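Close look at the chain arrangement
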Amino acid sequence: MSGELTENAIKGIIRQVGLECAARGQALPETLVAFMVKAVVLDPRNHFLMNQILTEKDMQDLIQLCVTRLLDTTNPSLSTIKMQVYFDMNYANRAELLREQQRVLEGKLAPVIRDITDSRPFLQEEMETVYQKIVSYVLLSCGLGSPTHTEAVREVTAALQSVFSKTEMTTFISLKKKEKEQQLKNFAALVTGIRLYNKECRKGGSCIEDLPAILNEAIPSATQAVDEGLNASHILAHKYTALLESMQEDPHRYMQLSSFKLKEALFNVRQYEAFLCILLSDAVTSAQEVERLTIQLEAAMMMLQNTVQDKVSVDSKEVFPLFVELSKLWSSFQDEMLLLSFLTNMTNNLEQFLEIQSQLFPEEMLTSLLEGMTVKSDEERIRETMGTRVNVSDFENQEWLFPESTDNFDQLLIQYHCFCAHAIGVKGLTLPGNPAIGILKHKQKYYAFSSREAAYIFAQDPDKFIQLNVEKAKEYPELIPLLELHHQFEYLIPHAQARNADKHLMKTTAKCDSGTQTDTHILPPTIVRSYEWNEWELRRKAIKLANLRRKLTHAMQTDLSHMKRENFTQVYLPKDVSTQTKRDNSSNVPKPQIFLRGLRGESSPAAHMVKVDLTRAVDET
């Protein structure tokens, strides 16, 4: 039995691999299995081709290879791929996370809202039941207490009665469904603002935590944890890089370290660094947002206190908007708490994918291997090359970009996650690129380098080294997400990165000298020549027109000139006129009906005739 290695065939293989791993006690997500299957097919050392006809034996070999790699817990490459799949499936940016949280909250509140808006109470007890449901909705929507907490329910009920009394339930029930839903949202915002103000005045606030204080304490702690993880991963990456460089320079060292999976360990640490940088950026954004919200909350609370003060009654038009604003700010604090919890969980869960480092390379082993060697950090490597840069005149057909001559230089999307484009394919190392050396623009993409020599070598034949990097990624599939090789392996990258692939096409701002010229008067002139601003001039014209009404124009003809011009006379042609002088008329008279009897004679000698007149009278017709 044979079959072409199409998508359908790969799906069947993925299913078989998942079942094999589950039978051996490893239940793996389908995304991870699919990534591994396609990675094994891509690896040229396995001699599989995407359009190859596979026999049954080939399929079994492919399945066994995938199962072996998925169950090899001592391989850092597997940990890196698991980390990439986990991050792809679980990470969401601020907007996506808050949108999902809002969707979940609306789903939880939907039954409560439906129960309130669809109810048609008539009795007083039914009205009371609906009112209690509104209290529960307010508690659930604001997240400041539980419907089972007596003190919280009492505070919400008191606050709700101040803006919506039970006597107004009849009016509320008569509203349309959409209007009821909007009213419920308004009630929740107003009640939340009232409770927050009461808490500030120390007159309530049960079950309301001090979120600004909690966030101001928790965010620096979370940021510090991410920083510590970054520093540890930086140190490991620098040590692995030093060992790999020594292997390439000293054959003896190569024989000594070739059995260790240093490259896989380096890629694992670099990927961990990249994910922690994303989380650190989100944490910094949260810290800035909390600082801004804290200032706004204090200002809103001060304004509310100045408005209310010790007044017995306050106009609702003045105070209600302030309560709503207070509620919105508190909701933003709750969002930041959610984001902080998410970032903390992501940071903690990523640590499990770095545990293999301590198993394969204990601290004592690394110390002994690095004895007598100089370990350079990424910052030190960049500082060493700050004084060198590419000479543009050495390249005729290559375009080089530099910070002082390129707009948006810091926003350029440099290929390979800003690692040296030459070192990846040639040395298998992820050395930090230094943009100050010069960024090569090749086929609308940008490449950075770790040294001037690497830049010159790469620029001689960029396509060759780009292909070398692709081949290196086929051998180490974890490089595909790490180096952001979205376009070369679109069918293999995780779906989240595929969605963002179009963001990696940012172009530099083009510069050119240009000039423009406009006409003095683009539109035709609209000047009214007869316009007069002088009132006396207008009067003069009016008198002139009035005098013209009383004037007559006379003309005369002399005998000497009357034959020298054409004269015309206009007459009206005769028209046909008819007159009717006679009229036809008719009348209807009875038809005579006269009958004679005895005209044929009788047997008697004397003839006797009888005349019968049956004509109708005129007045009967």
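What counts, and where the lines are drawn
- Residues numbered from 1 in each chain as written.
- Predicted model: local features only at pLDDT ≥ 70, side-chain atom pairs only at ≥ 80, totals over all residues.
- Heavy atoms only, no water.
- UniProt positions renumbered as here; feature names shortened; annotations may be inferred.
- Salt bridge = Lys/Arg side-chain N within 4 Å of Asp/Glu carboxyl O.
- Helix = DSSP H or I, 4+ residues; strand = E, 2+ residues; numbered from the N terminus.
- Buried < 20%, exposed > 50% of the residue type's maximum accessible area, 1.4 Å probe, protein only.
- Pairing = 2+ DSSP bridges.
- Axes fitted to C-alpha atoms, helices over the stretch in contact; angles between N-to-C directions.
- pLDDT = per-residue confidence, 0-100.
- Contact = heavy atoms within 4.5 Å.
- Expected span 1.5 Å × (residues − 1).
- Core = buried A, V, L, I, M, F, W, Y, C linked by side-chain atoms within 4.5 Å.
- Domains from an automatic or database assignment.

The name an unreviewed UniProt entry gives the protein chain is Cilia- and flagella-associated protein 206, with Serilophus lunatus as the organism. The Subcellular location (unreviewed entry) comment attached to the protein chain in UniProt states, word for word, "Cytoplasm, Cytoskeleton, Cilium axoneme". Looking at the protein chain in UniProt, the text filed under Sequence similarities (unreviewed entry) is "Belongs to the CFAP206 family."

On to the pattern of salt bridges. With the rule as written, the count across this model stands at 22 salt bridges. R539 is the salt-bridge partner of E535, the closest N and O atoms lying 3.0 Å from each other. Here the residue E535 and the residue R539 both occupy positions in helix α22 (residues 535-548), the gap between them amounting to 4 residues, near one helical turn. When its relative accessible area of 41% is taken as the criterion, R539 is described as partly exposed. Connected via shared salt-bridge partners are R270, E273 and D378.

What follows is about the sheet that holds strand β3 (residues 399-401). Spatial ordering of the open sheet is given by β3-β4-β5, a layout of 3 strands whose pairing is antiparallel. For this open sheet the edge positions go to β3 and β5 (445-447), each flanked by a neighbour on one side alone. With direction set aside, neighbouring strand axes in the sheet form an average angle of 35 degrees. Sheet analysis places strand β4 (residues 439-442) next to β5, joined by 3 bridges and oriented antiparallel. Its bridge partner being in β5, L440 is matched across the sheet by Y447.

Turning next to the confidence of the model for the protein chain. When pLDDT is averaged along the protein chain, the result is 84, and 90% of the positions lie at 70 or above. Least confident of the elements in the protein chain is helix α21 (residues 495-499), whose mean pLDDT is 43; most confident is helix α18 (residues 452-460), at 93. The low-confidence segment residues 492-510 (pLDDT under 50) makes 35 contacts with residues lying over four places distant or belonging to another chain.

Right, let's get into the environment of P212. Here P212 is to be found in helix α10 (residues 211-249). For P212, a relative accessible area of 9% corresponds to the buried category. The spacing of P212 and M337 is 125 residues in sequence and 9.5 Å in space, taken between C-alpha atoms. Setting aside chain neighbours within four positions, we find P212 in contact with T294, L297, W330 and F333.

The next thing to look at is helix α7 (residues 150-163). With 14 residues, α7 should reach 20 Å at 1.5 Å per residue; the first-to-last C-alpha distance of 21 Å fits that figure. What α7 keeps buried is the set A152, E155, V156, T157, A159, L160 and V163. Structurally, α7 contributes buried residues whose contacts are with α6 (124-142), α9 (177-200) and α13 (316-350).

In this fold, I439 is placed in strand β4. By relative accessible area, I439 is classed as buried at 0%. Separated by 27 residues in the primary sequence, I439 and L412 have C-alpha atoms spaced 9.6 Å apart.

A separate point is the nonpolar core. With 68 residues, the main nonpolar core has Y240, L350, W400 and F449 as its most contacted residues. Split by domain, this core shows at least three residues from each of two domains, domain 3 (211-370) and domain 4 (378-488). Once you skip the residues sitting within four places of it in the chain, L350 turns out to touch M83, Y86, F87, Y272, F275, L276 and L279. Counting residues in hydrophobic clusters, the runner-up holds 50 residues, among them V135, L297, F323 and F333.

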